[in-house]
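# Remarks on the overall topology
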Amino acid sequence: MKSVALQKFFNTSTPLHHGAEMSVITEDSVFTSLQQHGPLAVEDKIDLSQPFSKKTRMWVRNLSQQRINATKYRALRSQIFEFLGITSFTQLSELLQNYRHQEERSHRACALLGNMFGLDGTVREIEARVHEYARTADAVVNSLSGKMLKPYASSIATTNEIEVANDPVTLLLIMFNNRYHKKARFEARRKLVLMNLAGSIDQRERETEIEQKFSNFLHFLNDYVWSTNLKIGEHDIVYLHSQHTEEDFRCTEVQILSAGQALATQLAKGSKLTLLKRRRFTTGNRDIPIYVSIRKKPPEAKVLKLLRKNEKNPAVAVDDELGLMAVLDSVADIKTFQNHLTRSASKADSFMVLEDISDTLTGSSLYKATAVGSSPKTEMLKFFARLGGMRVEFIIHTNRSWLNYKYKKDVAHDEYEIKRIFDSGVMELLFPKDIFQLDHDSIRDDMIGRSRRRIEE
């Protein structure tokens, strides 16, 4: 089927075996087409009129040194031809100048993509969905430039013409249009790759009915887990007044203060005030306070996770679509909450099983850090709960371990986010040095330094 061939156009590399982690810029990366040090790197200029030039022959010789690269290129070339409805690169010049033919190819391409991703609806609805994938691709870059890499936003900003281009044929033709600068042509290629990941994620979400499961999970919590003494969405406001060491800013002492007590507190060096909005759950005759953060990963976060994991299949790489993070006063309260969850699931007519349990709260064992950038010093209780047709990731903290998760050197989540985007190779893949003129090592150190200053000052 043509749709199968089109899938291969965006997936030209052999996938990595699940469980093995390596940088996305190695030879074994599944994102070969984005690597600027590889055989498919974007060149300064494009000249398709001289297929037998000395430069082209040298490129073919270098490409053929590794058989797998030559195989990938031949597959990619035939799939580009099919996507554009041409039979050779010499036809690109005519297609670049014929806007009517471009429009025809665009309608055909969206129909093919609709079939590939299992989209139902009218032509306009399918095209709108494909354009939504383009907006998710833009959101990947914008989420980095607007938050984690904000000081470097102007350096990594997408070219205007690429950001407004949502049609896959338009983006593909830009890659072969010498009127566009090298950076713009690379960004067009990058956007197509990210659009494909967004489409795979959307297909997976529709297959697993994640939106409905998220809604069901919220109903389960409100109907069976949280105390009925509070209205839905009602919280108790408290502050954690904590003391931290100068050495690594780990939490040594923490007190729970009311809002009034917090206002009267003078902060000394090495101390923090942290707001908590807490719900409650009832067990026996006790109402136990609990801070809860419930999340459903947005598509751009899932795309970044696929990149970090060097994986194109969201069914393999994204196992934490539904997640809950909780903070309780003590380890004893955490054990009580686990038992309460099990009983609540039974009340909802579902058995609950805990899977992949990891417990480093007591400090008796180190966290088995499998993700790039994570620290073995991380303290948490982590498990997956399977209940009601869902698999939900739970991360549970005491007040002290949560403050370390936010503030401790080498453990703080903000630091972890920076490390994993650089150390996994994603930064180099999305913003290669030779195109964006960036020193990634110095930016990494600078951003970690900024994060530490925000925390400690």
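Description of the structure in this document. (Residues numbered from 1 in each chain as written. Predicted model: local features only at pLDDT ≥ 70, side-chain atom pairs only at ≥ 80, totals over all residues. Heavy atoms only, no water.)

## Quick look at the overall build of the protein
Tallying secondary structure elements over the protein gives 20 helices and eight strands in all. Taken along its principal axes, the extent of the C-alpha atoms in the protein is 80 × 50 × 35 Å. The proportion of buried residues among the 457 residues of the protein is 51%. Element-wise, carbon and sulfur atoms account for 50% of the exposed surface of the protein, whose accessible area totals about 22800 Å². (Helix = DSSP H or I, 4+ residues; strand = E, 2+ residues; numbered from the N terminus. Buried < 20%, exposed > 50% of the residue type's maximum accessible area, 1.4 Å probe, protein only. Areas by Shrake-Rupley, 256 points an atom, 1.4 Å probe, with all protein chains shown as cover.)

## Focus: the packing of helix α6 (residues 123–148) against helix α13 (residues 299–308)
Closest axis-to-axis distance for the α6/α13 pair is 8 Å, and the angle between their directions is 80 degrees. If you check the angle between α6 and α13, you find them roughly perpendicular. Across the interface between the two elements, Thr136, Ala139, Val140, Ser143 and Leu144 of α6 pack against Pro299, Glu300, Val303 and Leu304 of α13. The residue makeup of the contact of α6 with α13, split by class, is six nonpolar, two polar and one charged. (Axes fitted to C-alpha atoms, helices over the stretch in contact; angles between N-to-C directions. Parallel < 35°, antiparallel > 145°, perpendicular 65-115°, else oblique. Contact = heavy atoms within 4.5 Å. Nonpolar A, V, L, I, M, F, W, Y, C, P; charged D, E, K, R; others polar.)

## Describing the environment of Leu63
Following the sequence through the fold, Leu63 ends up in helix α2 (residues 54–63). Among the residues examined, Leu63 registers a relative accessible area of 6% and is labelled buried. Linking Leu63 and Pro39, residues 24 residues apart in sequence, is a C-alpha distance of 5.9 Å. With sequence-adjacent residues up to four places away left out, Leu63 is seen in contact with Pro39, Asn69, Ala70 and Tyr73.

## Structural notes on the nonpolar core
Core analysis: the largest hydrophobic core is formed by 74 residues, its most contacted members being Leu84, Leu149, Leu307, Leu430 and Phe431. Those residues in contact with Leu430 that sit more than four places away from it in its chain are Val140, Leu144, Phe186, Arg190, Leu194, Leu304, Leu307 and Phe436. Judged by nonpolar contacts, the second largest core, of 29 residues, contains Leu322, Leu328, Met390 and Ile396. (Core = buried A, V, L, I, M, F, W, Y, C linked by side-chain atoms within 4.5 Å.)

## Here we look at helix α16 (residues 399–407)
Because the α-helix completes a turn every 3.6 residues, residues three or four places apart line up on one side. Across the nine residues of α16, seven count as buried, placing the element largely inside the fold. Every buried residue of α16 is listed here: Asn399, Ser401, Trp402, Leu403, Asn404, Tyr405 and Tyr407.

## Details of the side chain of Lys408
Relative to the assigned elements, Lys408 resides in the loop between α16 and α17 (413–423). For the buried Lys408, no salt bridge exists, and the shortest N-O distance to an oppositely charged side chain is 4.6 Å, to Asp248. Ignoring anything within four residues of it in the chain, the contact list for Lys408 reads Asp248, Phe249, Arg250, Lys377, Leu403, Glu415 and Arg452. (Lys, Arg positive; Asp, Glu negative; His and termini not counted. Salt bridge = Lys/Arg side-chain N within 4 Å of Asp/Glu carboxyl O.)

## Section: the sheet that holds strand β5 (residues 322–328)
Strands sit in the order β2-β1-β3-β4-β5-β8-β7-β6 across an open sheet of eight strands; the sheet is mixed. Looking at which strands have only one partner, the edges of the open sheet turn out to be β2 (251–257) and β6 (353–359). On average, each strand axis in the sheet is inclined to that of its neighbour by 35 degrees, with strand direction left out of account. Bridge count for strand β3 (residues 271–283) against strand β4 (residues 286–296) is six bridges, and the pairing is antiparallel. (Pairing = 2+ DSSP bridges.)

## Comments concerning the packing of helix α11 (residues 210–225) against helix α15 (residues 331–347)
Look at α11 against α15: their axes get within 10 Å of each other, and the N-to-C directions meet at 100 degrees. Considering their axes alone, α11 and α15 lie roughly perpendicular with respect to each other. Here α11 contributes Phe220, Tyr224 and Val225 to the contact with α15, which in turn contributes Phe337, His340, Leu341, Ser344, Ala345 and Lys347. Broken down by class, the residue content of the contact of α11 with α15 amounts to six nonpolar, two polar and one charged.

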